[in-house]
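Chain residues, written in single-letter form:
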Amino acid sequence: MTDEATELTMNKTRKVPDATRRSSDSKSGRYLGRPAWGETQPEVADSSAMKVVVCVKQIPDPADPGALDPETKTLKRDSKLILDESDSYGVEMALQLVDAAGDGEVHLVSMAPNNEVSGLRTALAMGAASATIVSDDALQGSDALGTAKVLAAAIARQEPDLILAATESSDGYTGTVPEMVAALMDLPSVTFAKSIAIDGGAAKIQRQTEAGYDEVECPLPAVVSVTAGVVEPRYPSFKGIMAAKSKPVDELTIGDLGIDADQVGWAGAGQEIVAIEDAPAREAGEIIEDDGDAHERIVAFLDELKVL
Amino acid sequence: MGLDKIWVFGEANGDAVASITLEMLVAARELADTVEVFMAGDGDDYAEELGEHGAETVYSTGDLGGALQGVAVASAVAAAIGSGDVDGPDAFLIGTTQDGRDVAGRLAVKLDTPVITNVVGLELDGDQLVGSEPIFGGVTDVKVKNTSGKSGIFLVRPKSFEAVGMGGAEADTEDLDVPDLGAAGAARITATHAEEADGPKLDEAAIVVSGGRGLGQAEAYEMINTLAKSLGGAPGASRAIVDSGWVPYSYQVGQTGKVVKPTVYLACGISGATQHLVGMKGSKNIIAINKDSEAPIFAVADLGIIGDVHKVLPKLIEALANR
């Protein structure tokens, strides 16, 4: 852990919510996100300022078919990178939480080769105030843990009240980075959030489970990963797009973050792709066009399988 | 035999051990001489079932009092191994579940060891474990080896192995003490809600009928419910309509939802995005109905109907009702 991270943890853990303030504005937090099944949610605004950091990943456009570079065994990233759609939910949630708090700002943290910012600009155009991009040749080949070390160090410099991330990226989908960031910063974490309400110094979160959802309360600062669909991401306005061009983006290397090269990239990964193989393909099936009787073919198919 | 010892993360649904845990025990006992389970809750409740499936010892934390499993279980494991109280494993197998991913992430940091994710197959290469991970929606498999020289963590996807007992004796139980977690352990579960449909469970049903964006509107999902019910199956959904709020997340089939391998999977108005395919392409028989003849779902369908779900489904429901 970096010095900054330690300092952040120390400062923030001491910031216990003030009891008087809590009682005045904590009838119930303002829930944002999809309402629970069959429930309506209270809407009472919280009035304290908030700094939210959102981890965003810039990925190759999923509309372009992906490919692995046979030399490096990493995803080819020669096309322009875009904002991972999964991260647009975290950005939107952060903007709404800051809005509900009445004061505060959203800062983005991203790690990408060559100070790539095209995806970051999209999130800045949505309304984030500023961004940090960490680029370093030593980062190539980083696994989830290496990535988390870089993000945690970059986030710690911002001293946020809340750190949001997607539950998983659309290209690597390891789904472990947010929890690792929390562990590295020694913060509490709640993953798979489908709604978040801030109430004084704590977050009230509905967390998806295998069977339904749990209600979880978590003091801030904390790391929360949000599911896709938690909120409806806004489209950047023309004004937002223009404003994004001049918003501050801090460019950092791992040296700036006090991270050694052997902790990240290929050197730090601790795992290696040893083979790439075609998966066994399914045999082609029967495809018919519905002429009004297709349901009969389905019934016959089910009959053949003896499942009726 | 390859490895000396593997630890499997144990999860439970009420009184029963979760299927994912039993599935991983099958893989673990083929790869290692000794298989042990670590879990939250009271290991005594599950020692018989876990033993039957090959676990020799169950390490458990006891009741967590509402704390989330990730930080509590990982901290307990790291403390037990770090202090030398417990002889740690050569590898950890953890299920790709909400709590499993939390435990894996926390544990990776505490032990500074890699996590190999989305594993659907495991094999030995010398004394190192190699995990197979499907990418690009399952058309390509990559094999990833732990080269850290430390005990790697493998996040295993559900339904990658078939859970079979081996007649093992009841497992021994040991306590796993949770250390003081400080601020990191401050989150608390205050209430739990179930949102599952009536009838067979989605990931256990022999027939799954799933609906997607092609249904057009939330009300049309009622056709999926009706059809699933008449077939004695479970209703499922693509991520698109879960994100749109038509049905709860517990209905979701796919990368971020449930993995299903029913005898028959009926995909209605689902295009077949990578996200969805990885959750259902192991089904024994796949029927797809979609207006778009170019939809990727047809590449995995045994029977593909190019047609409008609003026309085909009502007739299918009626035909089944008349039998």
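Conventions and cut-offs
Starting afresh in each chain, residues are numbered from 1 along the sequence in its written order. Just so you know, chain letters begin at A and ligand numbers begin at 1, following the order they were written in. Only residues with pLDDT of 70 or above have their local features reported here, since the model is predicted, and side-chain atom pairs are shown and tallied only from 80 upward, although totals for entire chains, interfaces and linings are computed over all residues. Only hydrogens and water are set aside when side-chain values are computed; all heavy atoms of the structure are taken into account. Using only the protein atoms, space was sampled on a 1 Å grid; points where a 1.4 Å probe fits but cannot get out form cavities, open sets with protein on both sides within 12 Å along at least five of seven lines form pockets, and lining residues are those with an atom within 4 Å of a point. Grid points are joined across faces, edges and corners, and a volume is the space filled by probe spheres set on the points. Strands are runs of DSSP state E lasting at least two residues, helices are runs of H or I lasting at least four, and both sets are numbered from the N terminus onward. Three classes are used, and their members are as follows: Ala, Val, Leu, Ile, Met, Phe, Trp, Tyr, Cys and Pro are nonpolar, Asp, Glu, Lys and Arg are charged, and the others, Gly among them, are polar. Residue exposure (1.4 Å probe, protein chains only): buried if accessible area is under 20% of the type maximum, exposed if over 50%, otherwise partly exposed. Two N or O atoms count as a polar contact when they lie within 3.5 Å, although within protein this holds only if one can serve as hydrogen donor and the other as acceptor, and sequence-adjacent residues are included solely when both atoms are side-chain atoms. Contacts are assigned to residue pairs with any non-hydrogen atoms lying within 4.5 Å of each other. Only one rule defines a salt bridge in this text: a Lys or Arg side-chain nitrogen within 4 Å of an Asp or Glu carboxyl oxygen. Whether two strands pair comes down to DSSP finding at least two bridges between them. Here the arc refers to the set of directions running from the helix axis out to each C-beta atom. A helix's residues, less one, multiplied by 1.5 Å, set its expected span. To qualify as a nonpolar core, a set must consist of buried Ala, Val, Leu, Ile, Met, Phe, Trp, Tyr and Cys residues joined through side-chain atoms within 4.5 Å. Axis geometry follows a simple rule: fit a line to the C-alpha atoms, using only the stretch in contact for helices, then measure angles between N-to-C directions, giving values from 0 to 180 degrees. Residue ranges assigned to each domain were obtained from an automatic or database domain assignment. Two parts lose some accessible area (1.4 Å probe) when they are put together, and adding that loss for both gives the buried area. Roughly parallel means an angle under 35 degrees; roughly antiparallel, over 145; roughly perpendicular, 65 to 115; everything else is oblique. Here a crossing is taken to be left-handed if its near helix is turned anticlockwise relative to the far helix by less than a right angle, and right-handed if that turn runs clockwise.

Draft legend 1. Region of the structure containing empty space enclosed by the protein. Residue and element names in this part refer to chain B. By the definition in use, this model includes three cavities of 30 Å³ or more. Within the residue set of the lining of the largest cavity, elements represented by two or more residues are helix H3 (69–82) and helix H4 (98–111). Looking at side-chain class alone, the lining of the largest cavity contains seven nonpolar, three polar and four charged residues.

Draft legend 2. Structural view of the layout of surface pockets. Roughly 1,300 Å³ of volume is contained in the second largest pocket. Lining the second largest pocket we find 50 residues, and of these Glu210(A), Glu11(B), Ala12(B), Asn13(B) and Asp99(B) sit closest to its centre. When residues of the lining of the second largest pocket are traced back to their parent elements, those giving at least two are strand S2 (12–13), helix H1 (19–31), H4 and strand S13 (188–194) of chain B. Residue composition of the lining of the second largest pocket, grouped by class: 16 nonpolar, 18 polar and 16 charged.

Draft legend 3. Molecular detail of the side chain of Asp161(A). Residue and element names in this part refer to chain A. Along the chain, the position of aspartate 161 falls in the loop between helix H5 (144–156) and strand S7 (162–166). Under the relative-accessibility criterion, aspartate 161 is labelled buried at 13%. Within the structure, the side chain of aspartate 161 is placed 2.8 Å from the backbone nitrogen of lysine 51, a separation counted as a polar contact.

Draft legend 4. Up close: the interface of chain A and chain B. Counting residues at the interface gives 78 residues for chain A and 88 residues for chain B. A salt bridge links Asp102(B) to Arg207(A), with the shortest nitrogen-to-oxygen separation between them at 2.8 Å. Joining chain A to chain B, the criterion identifies 35 residue pairs in polar contact (both at pLDDT 80 or more). Bridge count between strand S10 (residues 212–219) of chain A and S13(B): six bridges; the pairing is antiparallel. Paired with Tyr213(A) across the two strands is His193(B), which belongs to S13(B).

Draft legend 5. Structural context of helix H5 (residues 221–230) of chain B. Residue and element names in this part refer to chain B. Residues of H5 that are buried: Tyr221, Met223, Ile224, Leu227 and Ala228. Viewed end-on, H5 has its buried residues packed into an arc of 145°, placing them on one side of the element. Those residues of H5 that are buried lie in contact with strand S14 (207–211), strand S15 (234–237), helix H6 (239–243), strand S16 (264–268) and helix H8 (309–321). Just downstream of H5 lies glycine 232, where phi reads positive at about 70°.

Draft legend 6. Just the side chain of Arg157(B), in detail. Residues and elements named next belong to chain B. With respect to the secondary-structure elements, arginine 157 resides in the loop between strand S11 (152–156) and strand S12 (172–175). Reaching out from arginine 157, the side chain makes a polar contact with the side chain of asparagine 118 at a distance of 3.4 Å. A polar atom in the side chain of arginine 157 sits 3.4 Å from the side chain of glutamine 255. Aside from chain neighbours lying at most four places away, what touches arginine 157 is Ile20, Thr96, Asn118, Val119, Val120, Gly254, Gln255, Val259 and Val278.

Draft legend 7. How the structure looks around H5(A). In this model H5(A) runs 18 Å from its N-terminal to its C-terminal C-alpha over 13 residues, within 8% of the 18 Å that 1.5 Å per residue would give. Where burial is concerned, most of H5(A) is hidden: 13 out of the 13 residues are buried.

Draft legend 8. Layout of the nonpolar core. Val150(A), Ile155(A), Val181(A), Phe38(B) and Ile94(B) are the most contacted members of the largest nonpolar core, which has 60 residues in total. Ranked by residues supplied to this core, first place goes to H5(A) with ten residues.

Draft legend 9. Structural context of the sheet that holds strand S14 (residues 286–289) of chain A. Pairing is parallel across the open sheet formed by six strands, whose spatial order is S14(A)-S18(B)-S17(B)-S16(B)-S14(B)-S15(B). Each edge of the open sheet carries a strand with a single partner, namely S14 of chain A together with S15 of chain B. Within the sheet, the average angular offset between the axes of one strand and its neighbour, ignoring direction, is 15°. Inspection of the sheet shows strand S17 (residues 285–290) of chain B paired to strand S18 (residues 303–306) of chain B by four bridges, in the parallel sense. Bridge pairing links Ile289(B) to Ile305(B) in S18(B).

Draft legend 10. Region of interest: the environment of Glu210(A). With respect to the helices and strands, Glu210(A) occurs in the loop between strand S9 (202–208) and S10. Its relative accessible area of 37% is what places Glu210(A) among the partly exposed residues. Leave out the neighbours within four places in its chain, and Glu210(A) touches Thr97(B), Gln98(B), Glu196(B), Ser250(B) and Lys258(B).

Draft legend 11. How the structure looks around the pairing of S11(B). Extensive coverage of S11(B) is indicated by the burial of five of its five residues. On S11(B), burial covers both faces: Gly152(B), Phe154(B) and Val156(B) on one face and Ile153(B) and Leu155(B) on the other are all buried.

Draft legend 12. Geometry of the domain arrangement of chain B. Residue and element names in this part refer to chain B. Looking at chain B, the domain boundaries give domain 1 (3–186) and domain 2 (207–321). Between the C-alpha centres of domain 1 and domain 2 there is a distance of 32 Å. Taken residue by residue, the interface counts eight residues in domain 1 and nine residues in domain 2. Together domain 1 and domain 2 conceal approximately 790 Å² of surface at their shared face, both sides included; 44% is due to carbon and sulfur atoms. At the junction of domain 1 and domain 2, the tally comes to zero salt bridges. Taken together, the links from domain 1 to domain 2 amount to four residue pairs in polar contact (both at pLDDT 80 or more). Among the residues forming the side of domain 1 that touches domain 2, the class breakdown is two nonpolar, four polar and two charged.

Draft legend 13. Examining the packing of H5(A) against helix H6 (residues 177–185) of chain A more closely. Residue and element names in this part refer to chain A. Where H5 contacts H6, the axes come no closer than 8 Å and their chain directions differ by 55°. With respect to H6, the axis of H5 lies oblique. Once H5 is placed against H6, the crossing between them reads as right-handed. Where H5 abuts H6, its residues Ala144, Leu145, Ala148, Lys149, Leu151, Ala152, Ile155 and Ala156 lie against Val177, Met180, Val181, Leu184 and Met185. Its residues placed into classes, the contact of H5 with H6 shows twelve nonpolar, no polar and one charged.

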